[in-house]
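Fold and geometry: a report
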Amino acid sequence: MSRLEKLIAELCPDGVEYRKLGELCKIATGKLNVNSKSDDGKYPFFTCAKEVYRINSYAFDTEALLVSGNGNVGYIHYCNGKFNAYQRTYVLYDIQEDIFFLKYLLEANLLEVVKNELRLGSVPYIRLEALTNFPVPITPKTIQEEIVHILDTYTALEAELEAELEAELEARTKQYETYRDALLNFDPENPHPLRPARLNQLLQILCPDGVEHSKILDICLPTETIDWIGDIEKSFEYIDLSSVDRDNHLIFSTTSIDSTTAPSRAQRIVKSKDVIIGTTRPTLQRYCIIPDEYDGQICSTGFCVLRTNEDYVLPRYLYYQISNRDFWEHTEMYQRGSAYPAISDKDVKNFEISVPPLPVQEEIVAILDRFDALVNDLKNGLPAEIVARRKQYEYYRDQLLTFKPLP
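Residues numbered from 1 in each chain as written. Predicted model: local features only at pLDDT ≥ 70, side-chain atom pairs only at ≥ 80, totals over all residues. Heavy atoms only, no water.

1. A closer look at the pattern of salt bridges
Where charged atoms from two side chains of opposite charge come close, those side chains can pair. This is how it is decided: Only one rule defines a salt bridge in this text: a Lys or Arg side-chain nitrogen within 4 Å of an Asp or Glu carboxyl oxygen. For helices the rule is a DSSP run of H or I covering at least 4 residues; for strands it is a run of E covering at least 2, with both sets numbered from the N terminus onward. Each residue's exposure class comes from its accessible area (1.4 Å probe, protein chains only) as a fraction of the maximum for that residue type: buried when under 20%, exposed when over 50%, partly exposed otherwise.
If you walk through the whole model with that rule in mind, you get 14 salt bridges. Between arginine 307 and glutamate 224 there is a salt bridge whose closest N-O contact spans 3.0 Å. With arginine 307 in strand E18 (residues 303-308) and glutamate 224 in strand E11 (residues 224-226), this pair connects stretches of sequence that are 83 residues apart. Residue classification places glutamate 224 among the partly exposed positions, given a relative accessible area of 30%. The salt bridge partner of aspartate 345 is arginine 268, with a shortest N-O separation of 2.8 Å. Here aspartate 345 is found in helix H8 (residues 345-349), whereas its partner arginine 268 is found in strand E14 (residues 267-269), with 77 residues between them in sequence. By relative accessible area, arginine 268 is classed as buried at 19%.

Here's what the structure looks like:
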């Protein structure tokens, strides 16, 4: 039997009393708008955001829990000292129970308890009455302190694990980017030390005097558009900018459109193995290679469509060329507009790439495909591990915070 189980068996063997939160603390709200914040303010300013802002005046000087009433509904901050609060933020103070026990309890159960009271509109929010009536188990302080100790330890371990997993992902991603850039560096005077021996041999045999360079414009074929003139009954899958995942560079969602629902008259037809690059807000780096399932479908005019002449350049080789930092520095340099920056197709296609012989391209693509698969497995696996750990923590927390009520 654990120490907690022994304490419960000794101090409350028949169950515990439940009381309303409003009977155990005072509940107020802030009085200010969000625009009252000041970047160099002297005091913490709590709004309904997870971030804590600053402000130059304070309305509270106490130990308190701050509950977001809208926005990040139910998100909870702890503060002890002088602070101020947004008008939709609930301030819980003069708390009779262990404040950290109450914080864990609210984090575990508040949204579930008040979901029927949650007002849904343009912005969901918690009513004061729902918060006031939140049920709190009144356990002996010794039990509350033991639960807080256990959950503090578990939370710290979970946060440490998440940090380690995220650091591993970041390190592997940087390793991949460094290796990719090494493979795409063809400086004959300074061969990159990470370049494999087989690739060096191919370069020496097939292009001993160096690798040719070409603008993207010169190695691509024309693409087609559809202008919806006449009665076109066929529907298409529409790839817009939000369809392309920024992390995995894959199409994860599309919209079915036809001549009556098309967003504009002229749209671009894509074929399998085309490389598409988001030209609106290019620094978001939305790009991908079109898989077979989207052959003949349509993409937004916010994409530049690159269709390589495969007699000279492999589509996946071009995909890796536009993945490296040199290309994205080029897009940043040539983007225009401040509110909604974009780069023209012409400026995209003026970027110059190295064009080694096809056997060299094939070798580079084979290597990077293997490395890319490993990194993507890591990208998919680590977040899943983090989610699993969070669920494990939440289950354990909920078990600790569940008490039998008194008969």
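2. Quick notes on the environment of serine 344
In plain terms, the rule: Polar contact criterion, stated in full: a pair of N or O atoms within 3.5 Å, where within protein one must be able to donate a hydrogen and the other to accept it, and residues adjacent in sequence count only if both atoms are side-chain atoms.
Locating serine 344 in the fold gives a position in the loop between helix H7 (325-334) and H8. Separated by 40 residues in the primary sequence, serine 344 and cysteine 304 place their C-alpha atoms 8.2 Å from one another. At 3.1 Å, the side chain of serine 344 forms a polar contact with the backbone nitrogen of aspartate 347.

3. Quick word on unusual backbone geometry
Even without a glycine there, the phi angle at aspartate 94 is positive, about 50°. Relative to the helices and strands, aspartate 94 resides in the loop between strand E7 (89-93) and helix H2 (99-114). The partly exposed category is assigned to aspartate 94, whose relative accessible area is 40%. A positive phi angle, close to 80°, is found at lysine 273, a residue other than glycine. By the element assignment, lysine 273 lies in the loop between E14 and strand E15 (275-278).

4. Topic: the nonpolar core
What counts, and what does not: In this description, a nonpolar core means a group of buried Ala, Val, Leu, Ile, Met, Phe, Trp, Tyr and Cys residues linked to one another through side-chain atoms lying within 4.5 Å. Residues count as neighbours in contact if any of their non-hydrogen atoms are within 4.5 Å of one another.
Counting residues in each nonpolar core, the largest one holds 40 residues, and the members touching the most others are Ile216, Ile277, Leu318 and Ile364. Sort the elements by how many residues they give to this core and helix H9 (residues 358-400) lands first, with 7 residues. Residues contacting isoleucine 364, with those up to four places away along its chain left out, are Leu183, Leu184, Phe186, Leu199 and Tyr317. Core analysis: the next-biggest nonpolar cluster, separate from the first, contains 36 residues, Ile99, Val136, Ile143 and Leu151 among them.

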